[in-house]
Protein chains: 2
Amino acid sequence: MTEARTARRTRGGGGAARRAERTAVRFETAKFIERNIPNFEVLDEEALQVIEHNAETVLEEIGVNFVENPAALDLWRAAGADVDGERVRLPRGLARELCKTAPSQFVQHARDPAKSVTIGGNSLVLAPVYGPPFVRDINGGRRYATMADFEKFVKLAYMSKWLHHSGGTICEPTDIPVNKRHLDMLMAHMTLSDKPFMGSVTEPSRAQDSVDMAGILFGKEFVADNTVMTSLININSPLTFDATMMGALEVYARNMQAAIISPFIVGGAMAPVSVAGTLTQVLAEVLAGVAYSQLVRPGAPVIFGAFVTSIDMNSGAPTFGTPEASHITYGAGQLARRLGLPYRSAGSFCGSKLPDAQAAYETSNSLNMGLLSGVNFMLHACGWLEGGLVASFEKFVLDADQLGVLHRLAAGVDMSENGQAMDAIREVGPGGHYLGCAHTQANFKTAFWRSDVLDYKPFETWDEEGARDSQSLAAVRVDKLLADYQAPALDPEIDAALRAFVAERKASMPDAFS
Amino acid sequence: MTEARTARRTRGGGGAARRAERTAVRFETAKFIERNIPNFEVLDEEALQVIEHNAETVLEEIGVNFVENPAALDLWRAAGADVDGERVRLPRGLARELCKTAPSQFVQHARDPAKSVTIGGNSLVLAPVYGPPFVRDINGGRRYATMADFEKFVKLAYMSKWLHHSGGTICEPTDIPVNKRHLDMLMAHMTLSDKPFMGSVTEPSRAQDSVDMAGILFGKEFVADNTVMTSLININSPLTFDATMMGALEVYARNMQAAIISPFIVGGAMAPVSVAGTLTQVLAEVLAGVAYSQLVRPGAPVIFGAFVTSIDMNSGAPTFGTPEASHITYGAGQLARRLGLPYRSAGSFCGSKLPDAQAAYETSNSLNMGLLSGVNFMLHACGWLEGGLVASFEKFVLDADQLGVLHRLAAGVDMSENGQAMDAIREVGPGGHYLGCAHTQANFKTAFWRSDVLDYKPFETWDEEGARDSQSLAAVRVDKLLADYQAPALDPEIDAALRAFVAERKASMPDAFS
């Protein structure tokens, strides 16, 4: 973090930058979670070995496809793989060996050095929902997302104490041409927030734009040596690596920027209907993807990803917060730790169309399981609705509030003298009560996690105030946060340079809407 | 279970009983959960030893009060405790030694022997909410509970696949005199359901009525030798055992009927604001209570209970689904296992006034933590609303549905050849899809847990059908279950004998409403 601070302090404008920084209002952001509790391990040693053996069998016998990517095939051939057309078969152990150069944890630097995050080890970094083409709020209902919505979400993420990361495509700004919207999204993350963010992956050229804009924001030299973006590279499950995603991965790996290498699996469609079968395929895919990243550049930071849902066999709809998804998430965490890689999974997943009880059951199932499975980077940690088709404003703040629960759970139990509280038990004695005792007075402000949005009022008060449900209370909080929002200070020279870059890139291309 | 089946088959009427049994419609009830996954252990060995040491210090130095109960004081004196007025101080180790005669698990027999449950070991038995004076439904809103509401809940519990237990005071039938309502509640559990149930604890005489009615239902000899009720004995935390609850415990223990011995703690009010301090007090209280049960009758079946919530220090309201409650629930599970006692905790806890997102977040947090903390008996597993003041019909069926998730989570991962699914991965290969493959076809019906109430429909269908939220969908399910309900067969002679007993007991007392 010291490096980043120095980098920022020494580059760009003088007086104006300092002035902007001095006058800026600061909102509290919690440090990324450092777990002080064990992970939950659903698989025993024998089961893990079976899955690892089977994954090697998949790579050796079946192999993976690298589609329309002759350069990748050359790299694989040189590494000792058996390449047959686009099919790449890996001798047992090759992929695992190649994965060894990937770091077990890395720092992603933020514009505000205090908000830089460590990804890997016992950390958990929380980032908002990614990808929905629609948004929903209590007044406007469900509609296509726009850039204005996107900016609101970036502001909400910035204002949330429990989000460590600004994320990436929080929603798709469908009013901006497809080939230009990455520029506006990056601009929003870079200027409306000072938390870490993600780069574009939809074309290799857009990944390069992301690296170039990061160079303006952080300084080119800084970006050359440090990770300032973590981007999402989906595998086209089963066992297929397409040229677009791999092209983006190549750009990021070459530039030492981080990538989540993530199977995208609806169980029963893109993977077997069974947990062990899905884990086998996930491991085989991640092994191949991470190994490839290390062929591109040994030491490039990568994350073992696992986006896994089950399917409703009646309707074909993906389903969320299900026990099968939990088993896979727990198991994949164990496999990632045995590989020595940071792990990405879980999120505010739900299939519900509304931020109602269904949404919350499904989301809580996934958030709790994500914490206990040892996830290091949780994308979609808040705001996900309707199977990821919708980013919900109200659910965003409700979920973000629940992320505070994860922080406290992860902290573990305070076993200090104060935590043991023997003096309090002595002071109060049988039949007494603790509200007024010295220990309670000394500790009550920090003793219990407290929601910033849920209702704890007496029934009568709640009733008089309109008997509002969670969605209505959340809508109030959304409005309040957006009203209170103030942008973090940014050196005006950097701001101007970013705007110039975006304008120039936009002018260089015709608009494309598909 | 064989004993119970024989007992039922041989007692009571002949042809009519068999006829009733033959024609009865049966609804599926899942077997109680037998965990095939590890427990989550938040405390390390050192922390556990500290808490156990401190609990002994509490019992030795501070002691507990047995209020208005001279017979209990005599028992304690004879056992070697230091009795000073109503204060009972226990030499280190005495309580733990006395606890050793309590069984580590026991069978609670049900009227339908197939529904008997094992409580302890790796089991998890799920029972509905207990105690609310109010009910709520989508049409009638919040109102005082009546006997008609109570009967509806017994029917819903009977119809629920995932509830193993009919519970006790699912809601308070406030339209029946206080001194008589236990008779009507028992009658409902005994005749409208054939699942196991709880006895009355509000007076020793009502506990005796429960034992007597159980004698009619199961046969007196059977009840003398077998546990057919599990009842809820709350400790008046901190460290106080009142005469009413202890009187009921004495009746049950003498009759070898099971009791949950349970601190009732709102943290910061009835226990210290810290997790370790609360665990210390919980352990001290349970040690004293269980030890007392074994003084009354060595070998009486008891359960280590821990009802624990935190408090909102702004409003004084109890709060639910909080990380502090989770820590305590995990830790108390570890302490219970070290004592070799069955464990009761967790439930569908929430503070929300409505079955909305808040209710579901809080409930899911508690249910998930309950499963992973090794709970053996989960009271309040469905239907709890508004801090336990309200039993909600819609939340009852929503929560009960989520209990299906716990069943699947607890089953663990299938590592059979079929589970490994290597043939499926071979058959489908890179770029294929699994929906049509042989393995999917063979397994899809049972591969994934499926909700019976949540919405998985396409957006357009859902929208055309009225864009219903979870509460509305749940209301439909409540009506459907109640419309489909048919009482389980009961020998008409037993039914008549129960009714005669209730009539006689009611006639023997004036009505009391407080």
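For chain A, the name recorded in an unreviewed UniProt entry is Methyltransferase, with Oceanicola granulosus as its organism.

J.: Which parts of the structure should I look at to understand the layout of surface pockets?
T.: Where empty space is left in the structure can be found by rolling a water-sized probe over the atoms. As a volume, the largest pocket reaches approximately 660 Å³. Tyr130(B), Gly131(B), Glu172(B), Leu232(B) and Asn234(B) are, among the 32 residues lining the largest pocket, the residues nearest its centre. If you list the elements that add at least two residues to the lining of the largest pocket, you get α7 (181-192), β10 (230-235), β12 (258-266) and β14 (307-311) of chain B. Considered class by class, the residues forming the lining of the largest pocket number 15 nonpolar, 13 polar and four charged. Each pocket or cavity is described by its volume, and for the second largest pocket that value is around 560 Å³. Contributing to the lining of the second largest pocket are 29 residues, with Tyr130(A), Gly131(A), Thr169(A), Glu172(A) and Thr202(A) lying nearest its centre. The greatest single-element share of the lining of the second largest pocket, amounting to five residues, is contributed by helix α7 (residues 181-192) of chain A. In the lining of the second largest pocket, the residues fall into 13 nonpolar, twelve polar and four charged.

J.: Whenever I open this one, the packing of helix α13 (residues 357-372) of chain A against helix α14 (residues 393-411) of chain A confuses me. Can you help?
T.: The packing of two helices is summarised by the inter-axis angle and the distance between the axes. Residue and element names in this part refer to chain A. Where α13 contacts α14, the two axes come as close as 11 Å, and the packing angle between them is 35°. Remark: the crossing between α13 and α14 carries right-handed chirality. Contacts from Ala359, Thr363, Ser364, Leu367, Asn368 and Leu371 in α13 reach Lys395, Asp399, Gln402, Leu403, Leu406, Leu409 and Ala410 in α14. Residues that form the contact of α13 with α14 fall into these classes: seven nonpolar, four polar and two charged.

J.: So what exactly am I meant to see when it comes to empty space enclosed by the protein here?
T.: Inspection of every chain in the model, using the stated rule, returns seven cavities of 30 Å³ or more. Its boundaries defined by the atoms lining it, the largest cavity holds a volume of some 150 Å³. If you list the elements that add at least two residues to the lining of the largest cavity, you get α12 (323-339), α13 and α14 of chain A together with α12 (323-339) and α13 (357-372) of chain B. Here the residues of the lining of the largest cavity are counted per class, giving eleven nonpolar, eight polar and no charged.

J.: What is the right way to look at the sheet that holds strand β2 (residues 64-66) of chain B in this model?
T.: Across a sheet, strands are paired by hydrogen bonds formed along the backbone, either parallel or antiparallel in direction. Residues and elements named next belong to chain B. Spatial ordering of the open sheet is given by β3-β4-β2-β11, a layout of four strands whose pairing is mixed. Two strands close off the open sheet at either side, each with one partner strand: β3 (82-84) and β11 (240-241). Pairing analysis gives three bridges linking β3 to strand β4 (residues 87-89), with the strands arranged antiparallel. For valine 83, the partnering residue across the bridge sits in β4 and is valine 88.

Calculation notes
Residues numbered from 1 in each chain as written. Chains lettered and ligands numbered in written order. Predicted model: local features only at pLDDT ≥ 70, side-chain atom pairs only at ≥ 80, totals over all residues. Heavy atoms only, no water. 1 Å grid on protein atoms, 1.4 Å probe; cavity = no way out; pocket = protein on both sides within 12 Å on 5 of 7 lines; lining within 4 Å. Points joined across faces, edges and corners; volume = space filled by probe spheres on them. Helix = DSSP H or I, 4+ residues; strand = E, 2+ residues; numbered from the N terminus. Nonpolar A, V, L, I, M, F, W, Y, C, P; charged D, E, K, R; others polar. Axes fitted to C-alpha atoms, helices over the stretch in contact; angles between N-to-C directions. Left-handed = near helix turned anticlockwise from the far one by under 90°. Contact = heavy atoms within 4.5 Å. Pairing = 2+ DSSP bridges.

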